[in-house]
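Architecture at a glance
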Amino acid sequence: MDSFSTVIRTASQKQHTEAETSTFMADLLGGRLGVDAYARYTEQLWFVYEALETGIEQLADDPVAGPFVRPELFRLPALERDLAHLRGPDWRAGLRALPATRAYAARVRECAERWPAGYVAHHYTRYLGDLSGGQVIRDKAERTWGFTRRGDGVRFYVFDEIPNPAAFKRHYRELLDGFRADELERQRVVTECKRAFELNTAVFRALGEEFPLSA
Ligand code: HEM
């Protein structure tokens, strides 16, 4: 039988490809969008991480979600520095969640409050992705818009306290493999994971509509 980390990974592969190849992501990675689109995307991430990380101390003792809640992953302070760089000191005043972002953040918050295992699905989808493909995005952003390497503007993608991402991911997968639940609950978590990807894709879709290429 496949390990739970493998089950999740395999089950969400199709959704991963969809997110990865969305028009907005492809345009962003293709260097075809202005820094304004990148800033707008970073703003949307702020709402998602606000939901993932604010008030999350209450989950630290939870037997299911607790082991995943690790301060070295927290992204909100880095996002806030990036936004101050991208939008200026008044960045908070201009912060607007797209409806798709609002829906995504609401679902994360709902899981955090009522269903710790569902929260894990969202946690996995974001943080493991940030540690993986996020590095591709950082590299591209540095080259396209000239941010200082690993500096302001791309701090969201820099995990200062995780010196060895590969080892961290290995350990993370072991945590997933140790996830104790019956088959039905496991299936529900896999479904939530797919949903998490789809919520991301919906945000990309909305961003793609906001930043269409004039070509
Ligand atoms: C263009 C954008 C993206 C690129 C280039 C990309 C690339 C990658 C790569 C190369 C890996 C494999 C890393 C490894 O095996 O250790 C990976 C894993 C992952 N990505 Fe992405 N990705 C992108 C977008 C996304 C998005 C939007 C999400 C979800 C929000 C996401 C979530 C994940 C997750 C959860 C994993 C871990 C899979 C696992 O090992 O269980 N990725 N990504």
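A brief report on the enclosed structure follows. Here the structure is a predicted model, which is why all the values come from computation and not from measurement.

1. Concerning the overall build of the protein
Broken down by element type, the protein carries 10 helices and 0 strands. Beginning at the N terminus, the succession of helices and strands in the protein can be written as α-α-α-α-α-α-α-α-α-α. Against the 2.2 N^0.38 benchmark of 17 Å for 215 residues, the protein shows a C-alpha radius of gyration of 17 Å, consistent with a compact globule. Viewed in the frame of its principal axes, the protein has a C-alpha envelope of about 50 × 30 × 30 Å. Among the 215 residues that make up the protein, the fraction classed as buried is 33%. Of the contacts made within the protein by residues no fewer than 6 positions apart, 81% connect residues no fewer than 24 positions apart.

2. What to know about the site of the ligand
Around the ligand, 18 residues are found, and the nearest of them are Arg 9, Ala 19, Gly 129, Ser 132 and Gly 133. At 5 residues, helix α7 (residues 116-131) tops the list of elements feeding residues into the shell around the ligand. Residues belonging to the shell around the ligand are distributed by class as follows: 7 nonpolar, 7 polar and 4 charged.

3. Observations regarding unusual backbone geometry
Glycine aside, the phi torsion of most residues is negative, and most peptide linkages are trans. Positive phi, close to 60°, is recorded for Arg 150, a residue that is not glycine. Examined against the element boundaries, Arg 150 turns out to sit in the loop between α8 (134-145) and α9 (165-177). Taking the C-beta count within 10 Å as the criterion, Arg 150 has 13 such neighbours and is therefore assigned partly exposed.

4. Notes on α8
The first and last C-alpha atoms of α8 sit 16 Å apart over 12 residues, in line with the 16 Å expected at 1.5 Å per residue. Along α8, the positions that sit buried rather than exposed are Gly 134, Arg 138 and Ala 141. Around the axis of α8, the buried residues are gathered within 65° of arc, so they sit on the same side. Exposed residues on α8 whose side chains face more than 90 degrees from its buried face are Val 136 and Arg 143. Of the surrounding elements, those touching the buried residues of α8 are α4 (35-53) and α7. A positive phi of about 70° marks Gly 146, the residue just after α8.

How each quantity is defined
Residues numbered from 1 in each chain as written. Predicted model: local features only at pLDDT ≥ 70, side-chain atom pairs only at ≥ 80, totals over all residues. Helix = DSSP H or I, 4+ residues; strand = E, 2+ residues; numbered from the N terminus. Rg over C-alpha atoms; globule rule 2.2 N^0.38 Å. Buried ≥ 20, exposed ≤ 12 C-beta atoms within 10 Å, placed from the backbone. Contact = placed C-beta atoms within 7 Å. Near = placed C-beta within 6 Å. Nonpolar A, V, L, I, M, F, W, Y, C, P; charged D, E, K, R; others polar. Expected span 1.5 Å × (residues − 1). Arc of directions from axis to C-beta.

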